[in-house]
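Each chain, letter by letter, is given below.
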Amino acid sequence: MGNNNLKVFRAEILHFLDDPAAQEENKSYQYFPDGILIVKNGHVETVGHFKELGQTLPADQKVVHYPDSLILPGFVDCHVHYPQTEMVAAYGEQLLEWLENYTFPTERKFSDPDKAAGIAEIFLDELLRNGTTTALTIPTVHTESVNAFFKAAEARRMRMICGKVLMDRNAPDYLLDTPESGYQESKQLIEQWHGKGRLRYALTPRFAPTSSNEQLAKAGQLLREHPDIYMHTHLAENLAEIKWVEKLFPQCSGYLDVYNHFGLLGKRSIFAHCIHLNNEEFELLHKTESKIAFCPTSNLFLGSGLFNLSRAEAQKVTVGLATDIGAGTSFSLLQTIHEAYKIQQLRGDQLSPLKSFYLATLGGARTLDLDSKIGNFEQGKEADFIVLDYKSTPLSALRSQSCTQLIDKLFALAILGDDRAIKATYVLGESAYLR
Ligand SMILES: [Zn+2]
């Protein structure tokens, strides 16, 4: 075989093999101070030290060299609303008022396929500029919003998960479906998009208050009929929200019990937020292998609360990081790590640099049940990766001079870094963004 389908990249390289908190930390990752990543036909061929692997390359092999830079697997955003891109940074409310005053009027526009297509492109550009190559995203109730998103993601060959929002009550009429129309439209979209290239479908009841018992029952039915799709929703974000759920579903013992009652828990079920959960609820998430998307910038912005990461860890619930744009305030997973760190500080806990970069890469891939395909540089994985610049601003350049250890470098990247720290983003080994 000729070498023209080989692509070779040289830089510092880091990737994770496991959760640094779950075993001996130094066995959880591989770090190559002068590393080389070899990509063949869009997939990882091998990763290692330049000194060793460089010698095995054909003499005329081109090597793309990024000095003062770190190659990582692409970031994974486990919960984000693409239609809210244009309403990020809306002032002054907590969850329920924020939905009513800002979110619902914005989402109304997505019945227009051209509007949806335009924002989908801007959203995907923004992800790539921030080093995010995979996201679990929420569109709107309109099928047009789902089709526009999947079309845009397909054209870029990005690995994306999305699915029509189900909501049949407690929202303006213009955003409501019915149990039957939600069921039929979801079914049709699953057939059209689930498993097409790198795309996957997520059944998406917005959250318990905006779906009737009938609609949640239909959602459970869809999940039984399509056991390999995802389920994606919100859970226990805000105290007023939880009280409302208790009133709406008096037959259930709590918020998570509503979703459980309708058969919505499982290995590919992802619940955003999970701030106000009790031990039994964490245990139920663990037992059903359900996953959590931790949304630090959103939780601080809406004043929702401080997610208990150490409890999730202790009760063995898989967690990924998420921006939750537009309640979140940044598309950057670096900024997301930054705020996650502060939230754990306020709880009296620590979030280590290694653990946080694990969460943004392999941890996210595990949360989305995609770790056989993405998340690290094991042979055969899809070659979605990013190049981070240690010196993207004068201040980060200054700070990096006194960073001698990997963990110092990672920590400074997360605390000082943002979109400017992303020098390049690659999708399936091909350049998708260059700063
Ligand atoms: Zn959300």
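Going by the structure above, here's the rest.
Fair warning: this is a prediction, and the values are worked out from it, not measured in the lab.

Asks: Is there a simple way to think about the overall build of the protein in this case?
Replies: From N to C terminus, the protein includes 16 helices and 16 strands. By principal-axis analysis of the C-alpha atoms, the protein measures approximately 65 × 50 × 40 Å. Counting across all 435 residues of the protein, residues that qualify as buried make up 60%. For the protein, restricting intrachain contacts to residue pairs at least 6 apart in sequence, the fraction spanning at least 24 positions comes to 76%. For the protein, the computed accessible surface area is about 16500 Å², with 48% contributed by carbon and sulfur atoms. Of the charged side chains in the protein, 43 are positive and 54 negative, and the gap between their average positions amounts to 4 Å.

Asks: Looking at this model, I keep getting lost on the coordination of the zinc ion. Mind explaining?
Replies: Under perfect tetrahedral coordination by four donors, a metal shows angles of 109.5 degrees; under perfect octahedral coordination by six donors, it shows angles of 90 or 180 degrees. Coordination of the zinc ion by the protein comes from His79 (NE2), His81 (NE2), His234 (NE2) and Asp324 (OD), over a distance range of 2.0 to 2.4 Å. Around the zinc ion, the 4 donor atoms sit at angles spanning 86 to 172°, and that spread fits a shape best called irregular. Mapped onto the polypeptide sequence, the residues donating to the zinc ion form the spacing pattern H-x1-H-x152-H-x89-D. Here His81, found in strand E5 (residues 75–81), pairs with His234, found in strand E10 (residues 230–235); they are 153 residues apart in sequence, far enough to count as distant. Comparing His81 with His234 shows no difference in burial state: the two are buried.

Asks: Any chance you could explain the packing of aromatic side chains here in plain terms?
Replies: Aromatic ring pairs are reported here in terms of the distance separating the ring centres and the angle at which the planes meet. In this structure the tally under the stated criterion is 18 aromatic pairs. Plain terms: the ring middles of Phe9 and Tyr426 are 4.8 Å apart, the flat faces sit at 65° to each other, and that makes the pair edge-to-face. Residue Phe9 is located in strand E1 (residues 6–16), and its partner Tyr426 is located in strand E15 (residues 422–427); the two are separated by 417 residues in the primary sequence. Seen in terms of ring centroids, Tyr82 and Phe123 are 5.9 Å apart; in terms of plane orientation they differ by 55°. Their pairing is tilted. Taken as a pair, Tyr82 in the loop between E5 and helix H2 (95–108) and Phe123 in helix H3 (residues 113–129) lie far apart in primary sequence, 41 residues in all. We note that Tyr82, like Phe123, is buried. In textbook terms, an aromatic cluster arises when at least three aromatic residues are bridged by ring pairs, as seen for Tyr82, Phe110, Phe123, Phe149, Phe150, Trp193 and Phe331. Looking at Arg10, its charged tip hangs above the ring of Phe50, at a distance of 3.6 Å from the centre. It is Lys218 that lies over the ring of Tyr183; its NZ or CZ is 4.7 Å from the centre.

Asks: How should I be thinking about the side chain of Glu382 in this particular structure?
Replies: Tracing the backbone shows Glu382 in the loop between helix H14 (362–367) and strand E14 (385–389). Only 2.8 Å separates the side chain of Glu382 from the side chain of Arg159, close enough to count as a polar contact. Excluding anything up to four places from it in sequence, Glu382 contacts Gly42, His43, Arg159, Arg198, Lys373, Ile374 and Leu428.

Asks: For this particular structure, what's the right way to read the pairing of E1?
Replies: Across a regular strand the side chains alternate sides, sitting on one face of the sheet and then on the other. Counting buried positions over the 11 residues of E1 gives 9, a clear majority of the element. Sheet topology places E1 next to strand E4 (residues 63–73); 5 bridges connect them, and they run parallel. Residue Phe9 lies in a different strand from E4, and its bridge partner there is Val64.

Asks: Which parts of the structure should I look at to understand the packing of helix H4 (residues 143–155) against helix H5 (residues 179–193)?
Replies: Running from N to C, H4 and H5 cross one another at 10°; their axes reach a closest spacing of 11 Å. By the angle class used here, H4 and H5 are roughly parallel. Mapping the contact onto sequence places Thr143, Val146, Asn147, Phe150, Lys151 and Glu154 in H4 and Glu185, Leu189, Gln192 and Trp193 in H5. Tallied by class, residues from the contact of H4 with H5 come to 4 nonpolar, 3 polar and 3 charged.

Asks: How should the sheet that holds strand E2 (residues 29–40) be read in this particular structure?
Replies: Hydrogen bonds between backbone atoms are what pair the strands of a sheet, whose relative direction is either parallel or antiparallel. One open sheet accounts for 7 strands, arranged E3-E2-E1-E4-E14-E15-E16; its pairing is mixed. Two strands bound the open sheet, and with one partner strand each, they are strand E3 (43–49) and strand E16 (430–434). Averaged over all pairs of adjacent strands, the angle between their axes in this sheet comes to 35°, without regard to strand direction. Relative to E14, E4 is paired through 5 bridges, and the arrangement is antiparallel.

Asks: How should I be thinking about the environment of Arg10 in this particular structure?
Replies: Turning to its location among the elements, Arg10 is positioned in strand E1. Separated by 57 residues in the primary sequence, Arg10 and Pro67 have C-alpha atoms spaced 8.0 Å apart. Residues within four places of Arg10 in sequence aside, it is in contact with Asp34, Gly35, Phe50, Val63, Val64, His65 and Tyr66. A polar side-chain atom of Arg10 sits 2.9 Å from a polar atom in the side chain of Asp34.

Asks: Whenever I open this one, the packing of helix H12 (residues 333–346) against helix H13 (residues 353–360) confuses me. Can you help?
Replies: A packed helix pair is summarised by two numbers, namely the angle formed by the two axes and the spacing between the axes. Taken N-terminus to C-terminus, the directions of H12 and H13 make an angle of 135°; their axes are 10 Å apart at the nearest point. In terms of orientation, H12 and H13 fall into the oblique class. Along this stretch, H12 crosses H13, giving a crossing that reads as right-handed. On H13, the residues that touch Leu333, Leu334 and Ile337 of H12 are Ser356, Phe357 and Ala360. Residues that form the contact of H12 with H13 fall into these classes: 5 nonpolar, 1 polar and no charged.

Asks: Before we go on, may I ask you to explain the pairing of E2 in this structure?
Replies: Where E1 meets E2, 10 bridges bridge the pair, whose relative direction is antiparallel. Note on E2: the bridge partner recorded for Arg10 is Ile36. Here E2 pairs with E3 via 6 bridges, running antiparallel. In the sheet register, Val39 faces E3, and the bridge partner there is Val44.

So, how was this worked out
Residues numbered from 1 in each chain as written. Predicted model: local features only at pLDDT ≥ 70, side-chain atom pairs only at ≥ 80, totals over all residues. Heavy atoms only, no water. Helix = DSSP H or I, 4+ residues; strand = E, 2+ residues; numbered from the N terminus. Buried < 20%, exposed > 50% of the residue type's maximum accessible area, 1.4 Å probe, protein only. Contact = heavy atoms within 4.5 Å. Areas by Shrake-Rupley, 256 points an atom, 1.4 Å probe, with all protein chains shown as cover. Lys, Arg positive; Asp, Glu negative; His and termini not counted. Charge placed at Lys NZ, Arg CZ, Asp CG, Glu CD. Donors = N, O, S within 2.8 Å, 3.2 Å for Na, K, Ca; no water. Tetrahedral: all angles 85-135°; square planar, octahedral: opposite > 155°, others 65-115°. Phe/Tyr/Trp six-rings, centres within 6.5 Å; stacked < 30°, edge-to-face > 60°. Lys NZ or Arg CZ within 6 Å of the ring centre and 35° of its normal. Polar contact = N/O pair within 3.5 Å; in protein donor to acceptor, adjacent residues only side chain to side chain. Pairing = 2+ DSSP bridges. Axes fitted to C-alpha atoms, helices over the stretch in contact; angles between N-to-C directions. Parallel < 35°, antiparallel > 145°, perpendicular 65-115°, else oblique. Nonpolar A, V, L, I, M, F, W, Y, C, P; charged D, E, K, R; others polar. Left-handed = near helix turned anticlockwise from the far one by under 90°.

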